[in-house]
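Structure assessment
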Amino acid sequence: MKLSRFSKRKVSRLGVAGFFEEIPVLILVTIGVGMFMVSMIWAISTHNARYTDIENVHEIHDIMKTIRTWEGLCYQEEGSANRVEGLFDCHKVMYLSATNLSRGVPELAGGSATNPPTPASRTYRLRIEDTSPYPFRYSADVNNIINPSKISDPKVERKTMVSSVNIKVNDEEIHVAKLELTIFRLGGAGV
Amino acid sequence: MMKNKWMRKRKAQSALFDGILFFLLMLISTTIVIYYTASTQAPRTQSESQLFLREYCEDTLTAVLAATINDTSYIRPSDGAKVILEDQSVEELILEDLYIRYENDPLSPANALEKLETDISSLVFELTHVNQTLLEEQKLYQESFHYRLYAEYRANSKTVSMDLWDPTWQSGSSTKTEPKTVISAFKELEAVNEHEVNRNANATVYLKIWKNQ
């Protein structure tokens, strides 16, 4: 009995020796699988980031369109409901406020027509920069930024879209202006 | 005993060979994944991006043509008198410019329309160029654009044109050329009949924009 146990142990010693011979193979396989896993994680995250980016771009484009036709900014003849896209009223530009803008264009602050935005849904900044040669210019800079120091951090994700608009003062005086919309951390909490 | 040892060596070699083969397969797979991910175009395709830019270009042309300039002037070629124009729209000013060129071809003095054209060009420049502070932000239209505003007036098989280039584009060279890729928008100017010289006359204005390449 003892002899047979010894002989079995001898067989198992060979097995242990075999395992140590395969260590280089194990290392190779581990490195190979690890490399592949890392590349797959990178590929998936890149793909997701691209889709998020395109969604954000479409969203900001749609919001920009809404602002360009929003009655709170567009010029309207007295007694007429007609508005021309991209033709703003100088008085409406002067008295533009973040409260009115968030209420009039709820999508801008992360809400919708049926679901008004909460104060910290999304942070935005809208700038109307009058670039006309007239001495008096009608510019506006409205935002719902709570913490300006955080916005200046370049790590904060943001998207900006620029468009060109007109600001009507009267029938003889029409200014040209840059409309610039920046949305910070789309889909996230406000900053 | 010798045979057993030889077999053990062979076994180890075989395992190493399998390991190397597996590693190579993983290496090839990784390379394919990285190459495919890097080379696949972003979901925002080229055409979609071009569409947004074209929209921007059209909006800019519309805004420029509708805008008015408070004070500009030109020298009347017939008598050299200075003609002052106040609160005229850019569309009207372009037509005025083209009409003067049509009536006085070749234009004399050559700089008669210089002030008028500089004022129009400045308006486009201010609109299409972004402040340095704004460039720091991650923008969809990331940089300032260069532009070319070109207008043509055709009547009685005669064509005259006005050609305004971004002064910062190829500023060193005397003859400017457009890059390969430009985004353009155009508009037929309807007010051309106001001149009542030739009802067959028509004018077209083009705005071309491009980024630094």
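Shown above is the structure to which this text applies.
Residues numbered from 1 in each chain as written. Chains lettered and ligands numbered in written order. Predicted model: local features only at pLDDT ≥ 70, side-chain atom pairs only at ≥ 80, totals over all residues. Heavy atoms only, no water.

Counting residues at the interface gives 53 residues for chain A and 50 residues for chain B. Summing both sides of the interface, chain A and chain B together bury roughly 4,500 Å²; the carbon and sulfur share of this comes to 62%. Contact with chain B buries surface across chain A, with Leu-28, Arg-50 and Ser-164 of chain A losing the most and accounting together for 12% of the total. Linking chain A with chain B are one salt bridge. Taken together, the links from chain A to chain B amount to 10 residue pairs in polar contact (both at pLDDT 80 or more). Elements that contribute at least two residues to the side of chain A that touches chain B include exactly α1 (2–21), α2 (23–69), β2 (123–130), β4 (158–168) and β5 (174–184) of chain A. Among the elements that take part in the side of chain A that touches chain B, α2 of chain A stands out by supplying 23 residues, more than any other. When grouped by side-chain class, the residues that make up the side of chain A that touches chain B number 25 nonpolar, 13 polar and 15 charged. (Contact = heavy atoms within 4.5 Å. Buried area = accessible area lost by both parts, 1.4 Å probe. Salt bridge = Lys/Arg side-chain N within 4 Å of Asp/Glu carboxyl O. Polar contact = N/O pair within 3.5 Å; in protein donor to acceptor, adjacent residues only side chain to side chain. Helix = DSSP H or I, 4+ residues; strand = E, 2+ residues; numbered from the N terminus. Nonpolar A, V, L, I, M, F, W, Y, C, P; charged D, E, K, R; others polar.)

This part is about the environment of Glu-172 of chain A. Checked against the element boundaries, Glu-172 of chain A lands in the loop between β4 and β5. Spatially, the C-alpha atoms of Glu-172 of chain A and Glu-59 of chain A are 36 Å apart, while their sequence positions differ by 113 residues. Ignoring anything within four residues of it in the chain, the contact list for Glu-172 of chain A reads Tyr-134 of chain A together with Thr-68 and Asp-87 of chain B.

Let us look at the pairing of strand β3 (residues 140–143) of chain A. Residue and element names in this part refer to chain A. What you see with β3 is a clean split: Ala-140 and Val-142 sit on the buried side and Asp-141 and Asn-143 on the side with no burial. Relative to β3, β2 runs antiparallel, the two sharing four bridges. If you follow Ile-128 over to β3, its bridge partner there is Ala-140. (Buried < 20%, exposed > 50% of the residue type's maximum accessible area, 1.4 Å probe, protein only. Pairing = 2+ DSSP bridges.)

What follows concerns the sheet that holds β2 of chain A. Residues and elements named next belong to chain A. Pairing within the open sheet is mixed, and its five strands lie in the order β1-β4-β5-β2-β3. The sheet is open, and its two edges are formed by β1 (87–89) and β3, each paired on a single side. Across this sheet, the average inter-strand angle for adjacent strands is 30°, counted without regard to direction. Of the strand pairs in this sheet, β4 and β5 are connected by 11 bridges, and their pairing is antiparallel. (Axes fitted to C-alpha atoms, helices over the stretch in contact; angles between N-to-C directions.)

A few words on the nonpolar core. Grouped together as the largest cluster of nonpolar side chains are 46 residues, with contacts concentrated most on Ile-94, Ile-120 and Leu-149 of chain B. Elements that contribute at least two residues to this core include exactly α2 (46–66), β3 (82–85), α3 (90–103), α4 (114–128), β5 (146–155), β6 (158–165), β7 (183–189) and β8 (202–210) of chain B. Once you skip the residues sitting within four places of it in the chain, Leu-149 of chain B turns out to touch Leu-61, Ile-94, Ile-120, Val-124, Met-162, Asp-163, Leu-164, Val-205, Tyr-206 and Leu-207 of chain B. Phe-88, Leu-126, Ala-177 and Leu-181 of chain A belong to the second largest nonpolar core, which has 29 residues in total. (Core = buried A, V, L, I, M, F, W, Y, C linked by side-chain atoms within 4.5 Å.)

Our focus in this paragraph is the sheet that holds β5 of chain B. Residues and elements named next belong to chain B. Spatially, β6-β5-β8-β7 is the arrangement adopted by the four strands of the open sheet, whose pairing is antiparallel. Whereas interior strands pair on both sides, the edge strands pair on one side only; in this sheet they are β6 and β7. Between one strand axis and the next, the sheet turns through 15° on average, direction left out of account. Contacts from α3 reach β5, β6, β7 and β8, with the element oriented near 130° to β6.

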